[in-house]
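The primary structure of each chain is shown beneath.
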Amino acid sequence: VWLSNDGGNTFELLADFHDDIIKNTYHSFYTSDITFVSQSGKIYLTKAGLGRYSKIGSISDKIFTLYYDHMGFIHKLTPDHFEAGGSPENFGNSKGSFGKAPDMGFETALAPQFITLNEMIFYAYVPESEPEESIYTKKFSNMHFGQ
């Protein structure tokens, strides 16, 4: 998957799925969501202009289509079933259709540092005496980026 921010004059590699080829893309003009569906049925989500994506689930149906409605909800249609994008609290959130969202929580104190009016960095406190098996619950990972 390639990204162009200048109308197609230059491109930057956004994602390399190796042998799992992207066979369909869907997008929402209202939420700027872009959804990729791979040959194996995995579903990935990004926003227009972002250089990152996340896996939000998978589809096992042989025949289906996805579409975004006028409010930004994504829907899955199959020949015998219609699956809506979820409840109002999932407004504009593609994760409602494709399974439970990953647990993005962590158990520690946070210290924010404002970089600009629109950006901030969170520092997570991890004590030196923290057991190795629970350190992952106290550290940020790539899934927290952009949240």
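Structure's up top.
Model, not experiment: these values are computed from the prediction. (Residues numbered from 1 in each chain as written. Predicted model: local features only at pLDDT ≥ 70, side-chain atom pairs only at ≥ 80, totals over all residues. Heavy atoms only, no water.)

(A) A look at the overall build of the protein. Within the protein, the regular secondary structure consists of zero helices and 11 strands. Reading the secondary structure of the protein in the N-to-C direction produces β-β-β-β-β-β-β-β-β-β-β. Out of the 147 residues in the protein, the part that is buried amounts to 29%. In the protein, 27% of the contacts between residues at least 6 apart in sequence involve partners at least 24 apart. In the structure as shown, the protein presents an accessible area of about 10,300 Å², 54% of it carried by carbon and sulfur atoms. (Helix = DSSP H or I, 4+ residues; strand = E, 2+ residues; numbered from the N terminus. Buried < 20%, exposed > 50% of the residue type's maximum accessible area, 1.4 Å probe, protein only. Contact = heavy atoms within 4.5 Å. Areas by Shrake-Rupley, 256 points an atom, 1.4 Å probe, with all protein chains shown as cover.)

(B) Region of the structure containing the nonpolar core. Counting residues in each nonpolar core, the largest one holds 10 residues, listed as Tyr26, Val37, Ile43, Leu45, Ile56, Ile59, Phe64, Leu66, Tyr68 and Ile74. Looking at this core, the elements with two or more residues in it are strand S5 (42-47) and strand S7 (65-68). By size, the runner-up hydrophobic cluster in this structure holds six residues, among which are Ala15, Phe17, Phe36 and Tyr44. (Core = buried A, V, L, I, M, F, W, Y, C linked by side-chain atoms within 4.5 Å.)

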